[in-house]
Structures are given as C-alpha cells and as structure tokens.
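# Notes for the structure review
Residue-level listing of the chains:
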Amino acid sequence: MDAWFSARGWKPLKFQRDVWTAIADGRSGLLHATTGAGKTYAAWLGILRTFSTTVHAPKKAEAIEKTAKAGIRNLAVVPAPLTVLWITPMRALAADTLRALLPPLEALNRSHELGDDRPPFAVWSVGARSGDTTAAERSAQTKRLPTVLITTPESLSLLLSRADAKESLGNVKMVVVDEWHELLGNKRGVQVQLALARLRRWTPTLCVWGMSATLGNLAEAMRTLLGHDEGALIQGQVPKKLIIDSLLPARAERFPWAGHLGLTMLPQVIEEIASSRTTLVFTNTRSQAEIWYQAMLEARPDWAGLIALHHGSLDRAVREWVELGLKSGELKAVVCTSSLDLGVDFLPVERVLQIGSPKGVARLLQRAGRSGHAPGRPSRITLVPTHSLEMLEGAAARAAIAAGHIEGRSSPEQPLDVLVQHLVTVALGGGFLPEELYREVRSTTAYAEISRENWDWCLAFVAQGGPSLAVYPDYRRAVPDDQGIWRVPDDRLARRHRMNIGTIVSDASMTVQYVGGGKLGSVEESFAARLKPGDCFLFGGRLLELVRVHDMTAWVRRSATKRPAVPRWNGGRMPLSTTLADAVVQQLALADQGHYDTPELRCVRPLLEIQQRWSALPTPQTLLAEVLKTREGWHLFLYPFAGRHVHLGLANLIAWRVAQYQPYTFSMAVNDYGFELLSATEVDWPALLPQVLNVGRNEQAQTASGEPDERKALLDEVLQSLNANELAQRRFREIARVSGLIFQGYPGEKRSSKQLQASSSLFYEVFKKYDPANRLLLQAEQELLAQELEIGRLRASLVRMATQKLVMQTLERPTPFAFPLMVERFREQLSNEGVAARIARMVEQLDKAANASAGSNEKTPSKPEAVATAEQVRRSLAFGQDIPSSPFADAAPAKVRRPPRTGAGRRQAGL
C-alpha cells in the first residue's frame, strides 16, 4: 500500500499516518479534517494495511473447493468474507466512495498473486448496497456479500433483519461511518447507533471510525458514535485556502421581499460560470434547482449538454450520468441540492455558487469543500443573495468561520419509534432475549438513560400494539417462542417490516414517466394530485404536460406552450442556525458603530442607514421592537434573530400571554430575523411587552423540591398557546410510519398520502381515547417541541432577551426590517397577483419617503430603475416557492384568540 501511495507522487500526511497507526492498534475513533484533505484514504489504507493480511483461508483444501465454486482459476486465492462496512448517508456518496476504493484494492489483489507453495490469500472485493442497487446486484449479494460493503443506514438495518444476520455480519472487523455529522443529529444516526451496538455484541473487538469535516462538538460526536469516550480523536490540520465571497447586485433594494434578488442575479451568475472550468450551483430546494437550471438554459442555449441538474428525485441513471460528467470534467455547471453536499470527489470543480443563504456555517463549509477537493487546492464558494438582508449572512459566515465557530449536533434522546422498529428488525435477524438486548440498547448514547418502564412498554407494543390494538393479529409483530426468544411469528409481517425499514419519512412518491418512454424520476403525490390532465410542470429541466395519472405514475409528454407549475417537495424551510444568527447580529453591531468594512456591508449600507434613521439596528446588547399603526391595525415587530421555528413559537407564546390581560385577535408572520403580531384593536405594547418577555410565568409548575420549574412552566405555556393537538397529530404521522403502525405498501402499490394520513389520524384518535398513556403520543409532543419549535433554543432566546435592553421604536412607516415580515403575511392571505401589486405600490411609497428623509435633492429614479413593476414582483414571488412558508402550513390559520372566560380569570388561546 505504501508503494501504491508513492507511485502517485503522494506523501502520507501526519493525520493519515496517525489513523493508520490507531487502526493497526485496534483503536476506534473520529477523524475530523478539512474537506478534500484525504480522509477516505486515511481510513481505507489503514484498513488494507491492517486487515488484508489477516483474512486468509484456513485450509488449502477448503480454499480450492471455495475458489472452484466461485469460478476462480488461481487456486491460491479465495474470496474473503464481509470484513468492512462503510456507511454513507447518501446514494451519490456511496457510488463515489466505491469508485475511490477500487484502485488501491485492485493494486492489492494484483500484488498477492501467490503460487501453490504459498498460503492461499483471500481476495478482497468491494460493492455497494443502497436504494440505487439493482435487483441483480441484490440477488448476487444475497448469495455472497463482498468483503467491503458500502451501504446506508437503511440498507444496514435490512441486513440485520436477515435470518442469517449473525453469520453474514459476524465477521465484520471494521466499520467506517462517513460524514458522521450528517447522521449524528437525527433518527438515521440513532439507527446507526443501534446497528453498531448489535455488531459489537457479535464482535466485541469491532473497530469503528467516524469521519467528518464540519463538527463543532467533536468529543460528544465521538462518544455518540463509539458509545464511550475511549477513542482516538484525530484532527487533520491541513493548510487549505478557503475563499468566501458574495456576488453582489449593482444596487441593493432598500425594502426587500424574500426571493426578489433570485433570478435578477442570473446574468452575473452566468458570467461567473463562464469564467470557470466547472461550477456547482447549490440551491436549498429541489424546486429552486429546477427553476435555476431552466433559466440558465434559456439564457445560454449553447450550453445545452454542458450544464445539468442533480437532485434526489431524479432517476438513478440521470444522477449517475451527471456525477460521471462532473468526474470527467465534461460538464461546465451542475445545478444541485444537498444531493451533492457530502464527500463527493469532483476534482474538476473549481468553484461553488450558493443561491440564497446556506442557513448555517457547517453547511456553507460542506458545500465550499466540493471545490478544490484535494490537498493544497483552494476551495471557493460565492454566495448569491436572494434578498438584500442575505448579504449580511455572507459577511457573518466569513467572520464565524474565521473565529472557528461551527454548529454542534447532538443525538436525539430515546426516540421510541426507532427502537420499536429495531426490536422487530432484531427479532427477524435471529431473535433476541429481552434482558440481553436491553443491555445492548443501553450501550448507545440515544438510549443510555432509557427506563425499564419505557423498555417494557416497547416490548408490549411490538407484542400486541398496546391495549387498544391487542385483538388485531397484524400488531403481534414479535413474540417469545418456547425458549423465550422473541421472533416474528408471521412471514407476511416479516415481508411488510422489511419493506418499510427506515426513518426517512416523506409524502408518497409518484413516478414521472413518458408515455411510451423512460422514467424521469418522482414527485410527491401531494403535488401531482393538484394537477389535471393538460397541466404543465417543470421537472428534470424539461417542460412536461400531464397526460394521466394511473397506478401511482404520472404519465407525461413534452410541452412547449403552457406556463409551468413547479413541483413541491415537503420538508419545511431550514431555519437560520444560532451560530450564523449570532454572527449576523455582530455584523449589525459593526454597522451601528459605522464600520462598513466588508463588500457585503457596503452594498447593504443604504438599507441599514434607513433602518437607523427610521428606527434602530439590533445589536447583541439590545432587543429591537417596533410598533406601527396602519389601516390594518396595530403592528408589533420584534427581532430576536433566533430562526423562523423559534420565532413561530415566540409569536404564539407572546400573543397568548398578552391575551391573559385582555381579549385580542392576532395575525402573525415570521422569518429568520423576527416576527410580526398584528391586531385589529389597539395594544399597549410599551406597557405589555416587558411583562410578557420573561422565561416562565406559570408559578404553579414546580420541581420535586417545591421550587418553581421555569422549564416546565414554559412547556405548558407553549403547548397552551398553540393548537398543540393538531401539530402533534401531524408529527405523529411520521412516528406512526417509523414505528410500523402504518404499512406504506409493497413496491408499485404505495398507498396514497391521503390514505396514510387517514390511517395515522385514526390511530392518533384511538390512542387518545383508549390508550392515553401510549408512549408514541408523548413522543409526538416531545418532537414537536424539540424539533419544530426548538423549545431549548426558544428558552435560550428568552433568557438572552431578558439580559438585553429593550429598545421600543414607534414608527411612521414600515422599516426595511419590518417590510419583509409584512410581505410574508400578505403571501399567506393574497394571490401572487394581489401581493405583487401591493408590494410594488408600497415599495414605491417607501422609496420616496426614504429619499425625502435623507434630504436628497435628487429626483426619485424612474420606475424601471428604482421600483419593480407588479409583474416583476409577481415573477419573483413565484421563484423558490416550493414549500409552505410555515412549517405548520396544514394547521389552522395563524391567529390567536381569547375565548370567553372560564373560571376566575382563566383564559386560553389557540391558533
């Protein structure tokens, strides 16, 4: 292996040698190194150096027999058993890893062509198993797994469900978890923890290594992966130049609305792509990728065949063609989503463009690393803002990275739906004894504190579905046999479970296929269900006309005449991370002091100066609140800079608290910077706001010692302020799928989203009525608070706001910070055409007021230069609207009302 490395003119870096030594010593650990520094070969060559010489056939006669059966002519070699699992979070990464591992492996196998007088050597093979694996490949792997299997968490769980799981996986000596940061903070990472615990039971000396380039909490990340602190934490300090800049407009709009700088930046984006060899253009959503790809092709039709589109809903063949085109340097640009975020090695890529905010420092670093993906080569990412305030995020991200501030990730705590699924998986994979498995599960970080009561409940749930489902045989999924070993009693239930393993939940997918032609990919059923035959939509960079929908397939043909819709993929908008939000506020503090030292701040300076003249700028020491009276009513604008999920919870909480004093009805709007509360009746915000901004107001909530429990009080208030039942029911749909309550169907006969929703709603109501202690109901509430409302971050925001000076400003007109919030509310209430006309009129009025307040003697610029027309606004509003603006779009309208009093002074409010 050293010779193979040297033959390419490479010299091992220190961190690579450290990993090789640690693996040779049998140690597990976490490798954290810059993207493109050589993490893959640090792990892979360490594996080959340590394990390839230890896997031999024990007997020559046995080797001869095995090689003859395998069709190998050289009787001195024998196929090696499955020895290494390489876990990746994405299909594209699995394919790329396979290509990276093959060259040194082929060199190794060639170097061990031994004669008959030498001990027979075990030939290593490598293969991949994921959602992209063909039926033929799966069939071959059923007979014999390769020595090295590159797989995903879902496919690994499927292997654990095989009856011969222990025989198939019992020889595994090494597990590599690539891009561990991508799995660490979600249920897929919990799947990995449980799978590793099972493998360690069979092989106590199992060597496990994680790899990442973007983690802020390394010790916790390693402990979660290994289940303990005894590991080698190796950081690759490889000097690498990172360039982060912004593609700035000639003139920043002083009164922005979300998305309005999107396609207006197209000429500059085209120019940047033309000046580079190969560019990745990242968007945050698949719909945005579709629109940008189409716009680029229309702007440069001569680039047809040189630019491409890549996202997870496209057919496997299309994605592989794009990936190979990037590898070979044949493509000039690829518009993509997170499908190309992770670890994929495309050496020809010189630079990355990010359309819109990356929303987090770690995501920005990850995407930047797709360019210059090799030691010593610079990585460059250019941010393309989609509205004026996003320019601040560019400067903020650069400052955060310079200061070494990267977001950390933590494992979910005790997700019982994942555990229930795992119990059935293990029951299929040879069965289990409860006490042994309990100890095994508790060895993971996610379930280290699981109580005996929760464990017993999970056992009872897989045995009979709880008290309300006990009479139904379909929920007797695992029961003890005569020896006390828990197994799946029914082959039909076994097949159903294997078809639905995994924690990725989404709307039912519908295949998109040409009439009489090939498949293009898939869209979510909720989008396709709104289309009628003859309607057009944009998909895969093509304008398609729907012919009919049949058997979960949307049959289409090409169209070039009608205005298209854009497919929607659910998932909710990514909120601004705490790390990046804090960095943005630091940039505002610099502007408040008159320091406009970066290109981004200089470009957005006109906006910030108007904000200062009409109101104030938020800083780390101040909390800005703005009050405005319009014909609509009384507005409050508050800017905690805590991300849209937290702001939604804060808006509801504050509205509910205010309603304790006097009945009000509020309309709401939120974005990543703040929120708006609008009431038709006057609210004395200067008097009320300081009273409702404390952490916990419910004095009845107490700890075991009798002290007030602020955390419990806050939870109670948040749940009362929201339509918690509806929101928890929505979260329960996902839990029901993961836990196996709902069968999503066999291949080709997937149930519709309406059927799945109806099924989950029925279970929810049955459990509420007949099994109120059901742990999955409690989990739905906990996930709602922790993930959708980010209750921990919400409380931290309240704590921080309590330390800030409240700056209350009474406005004469909307400020540049308030205007985007008003637009968010308009978009919930009006059509695009109505919103566009209103925005165009308001921007024209605000621009005139801004010029007057600046004392400018210049005439207001003509409308094409200064103010967009209603049609231009309408087009920009359509851009990027692939998902609801609120993560609770299917909940009731965002209003808080106080119903009639019940009891002495008690008031309640809900959405």
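Details of the structure are given in the entry above.
Quick caveat: nothing in here was measured; it's all calculated off a predicted structure.

Conventions adopted
Along each chain, residue indices are assigned from 1 in the same order as the chain's sequence is written. Local features in this predicted model are restricted to residues of pLDDT 70 or higher, and side-chain atom pairs are both shown and tallied only at a pLDDT of 80 or more, whereas totals for entire chains, interfaces and linings draw on every residue. By convention in this description, side-chain values take in all heavy atoms of the structure and omit both hydrogens and water. Fitting a line to C-alpha atoms yields each axis, with helices limited to the stretch in contact; the angle taken between N-to-C directions then spans 0 to 180 degrees. Think of it this way: any DSSP run of H or I at least four residues long counts as a helix, any run of E at least two long counts as a strand, and we number them from the N terminus. Each angle gets one of four labels, with under 35 degrees taken as roughly parallel, over 145 as roughly antiparallel, 65 to 115 as roughly perpendicular, and the rest as oblique. By definition, residues are in contact when any of their heavy atoms lie within 4.5 Å. Basically, the charged four are Asp, Glu, Lys and Arg, the nonpolar ten are Ala, Val, Leu, Ile, Met, Phe, Trp, Tyr, Cys and Pro, and anything else, Gly included, counts as polar. Aromatic contacts are taken between Phe, Tyr and Trp rings whose centres are within 6.5 Å, Trp giving its six-membered ring; a plane angle under 30 degrees counts as stacked, one over 60 as edge-to-face, and the others as tilted. Between buried and exposed lies partly exposed: a residue is buried under 20% and exposed over 50% of the maximum accessible area for its type, with that area taken using a 1.4 Å probe on protein chains only. Here a cavity denotes a set of grid points, spaced 1 Å apart and computed over the protein atoms alone, in which a 1.4 Å probe fits but from which it cannot get out, and a pocket denotes an open set meeting protein on both sides within 12 Å along at least five of seven lines; residues with an atom within 4 Å of a point are reported as lining. Grid points are joined across faces, edges and corners, and a volume is the space filled by probe spheres set on the points. Here, any two strands with at least 2 DSSP bridges between them count as paired.

### Overview of the packing of helix 16 (residues 390-402) against helix 22 (residues 578-592)
- Interaxial distance between helix 16 and helix 22 falls to 8 Å at its minimum, and their mutual angle equals 110 degrees. If you check the angle between helix 16 and helix 22, you find them roughly perpendicular. Along the contact surface, helix 16 presents Leu392, Glu393, Ala395, Ala396, Ala397, Ala399 and Ala400, while helix 22 presents Leu580, Ala583, Val584, Gln587 and Leu588.
- When grouped by side-chain class, the residues that make up the contact of helix 16 with helix 22 number 10 nonpolar, one polar and one charged.

### With respect to the packing of aromatic side chains
- The tally for this structure, following the rule as stated, stands at 16 aromatic pairs.
- Look at Trp44 and Trp124: their rings are 6.4 Å apart centre to centre, the planes differ by 50 degrees, and that puts the pair in the tilted class. Of this pair, Trp44 sits in helix 3 (residues 39-51) while Trp124 sits in the loop between strand 4 (121-123) and strand 5 (126-129), and the two are 80 residues apart along the sequence. Note on accessibility: Trp44 and Trp124 belong to one class, buried.

### Concerning empty space enclosed by the protein
- What the rule picks out here adds up to four cavities of 30 Å³ or more.
- Of the volumes computed, that of the largest cavity is approximately 150 Å³.
- The biggest single contributor to the lining of the largest cavity is helix 20 (residues 491-499), with three residues.
- The residue makeup of the lining of the largest cavity, split by class, is four nonpolar, four polar and four charged.

### With respect to the pairing of strand 23 (residues 622-630)
- Of all nine residues making up strand 23, eight are buried, and the element is well covered by its neighbours.
- Of the pairings in the sheet, the one linking strand 23 to strand 24 (residues 633-638) comprises six bridges and is antiparallel in character. Bridge pairing links Glu626 to Phe637 in strand 24.

### What about unusual backbone geometry?
- Even without being glycine, Lys359 reaches a positive phi, approximately 70 degrees.
- Topologically, Lys359 is positioned in the loop between strand 14 (351-355) and helix 15 (361-368).
- Note on Lys359: relative accessible area 15%, which makes it buried.
- Phi is positive for Gln414, close to 50 degrees, though the residue is something other than glycine.
- Examined against the element boundaries, Gln414 turns out to sit in the loop between helix 16 and helix 17 (416-428).

### Observations concerning the sheet that holds strand 9 (residues 232-236)
- Spatial strand order, 5-6-3-7-8-1-9: seven strands in an open sheet with parallel pairing. This sheet does not close on itself; its edge strands, each paired only once, are strand 5 and strand 9. Taken over all neighbouring pairs, the strand axes of this sheet differ in orientation by 15 degrees on average, direction set aside.
- Bridging between strand 1 (residues 29-33) and strand 9 involves five bridges; their strand directions are parallel. Looking across to strand 9, one finds that Ala33 is bridged to Gly236.
- Packed onto the sheet, helix 10 (residues 187-202) meets strand 3 (84-87), strand 7 (174-177) and strand 8 (207-212) and runs at close to 170 degrees relative to strand 7.
- Helix 11 (residues 218-226) contacts strand 1, strand 7, strand 8 and strand 9 of the sheet and is inclined by roughly 140 degrees relative to strand 1.

### Overview of the sheet that holds strand 15 (residues 379-384)
- Taken in spatial order, the six strands of this open sheet run 10-15-14-11-13-12, and their pairing is parallel. This sheet does not close on itself; its edge strands, each paired only once, are strand 10 (242-246) and strand 12 (307-310). Along the sheet, successive strands turn relative to each other by an average axial angle of 20 degrees, direction set aside.
- As paired elements, strand 14 and strand 15 share four bridges and run parallel to each other. Bridge pairing in strand 15 places Leu353 opposite Thr382.
- Against the sheet, helix 12 (residues 266-274) contacts strand 11 (279-282), strand 13 (333-336), strand 14 and strand 15, and its axis sits at roughly 165 degrees relative to strand 14.
- Seen against the sheet, helix 14 (residues 316-328) touches strand 11, strand 12 and strand 13 and runs at an angle of roughly 130 degrees to strand 12.

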